[in-house]
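# Architecture and fold: a report
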Amino acid sequence: MKPGEIIDGYRVLHNIRLGGIEHIVAESDADHYRVFQGSANNAFGIVEY
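This text gives an overview of the structure that appears in the document. (Residues numbered from 1 in each chain as written. Predicted model: local features only at pLDDT ≥ 70, side-chain atom pairs only at ≥ 80, totals over all residues. Heavy atoms only, no water.)

## Examining the pairing of strand 2 (residues 10–18)
Inclusion rule: Note on pairing: two strands pair once DSSP finds at least 2 bridges between them. Note on conventions: DSSP H or I runs of at least 4 residues are helices, E runs of at least 2 residues are strands, and numbering of each starts at the N terminus.
In this structure, strand 1 (residues 6–7) lies alongside strand 2, joined through 2 bridges in antiparallel fashion. Along strand 2, the bridge assignment pairs Ile7 with Tyr10. If you look at the hairpin formed by strand 1 and strand 2, you'll find 2 residues sitting between the two strands, and Asp8 has a positive phi there, around 50°. Sheet topology places strand 2 next to strand 3 (residues 21–29); 7 bridges connect them, and they run antiparallel. Following the sheet pairing, Arg17 is matched in strand 3 by Glu22. With antiparallel pairing between neighbouring strands as the criterion, strand 2 and strand 3 make up a hairpin whose turn holds 2 residues, including Gly19 at a positive phi of roughly 60°.

Take a look at the structure:
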């Protein structure tokens, strides 16, 4: 994920990859933030959040 992309209605602010898992901080507006974890450990290589 790159900053500015959208996940489930939240705009990505920052992301970092640690140990094969991507940690993402995103916001929907000034008061609502969410932390996502993404990984691609399935058979098709699709990233799941």
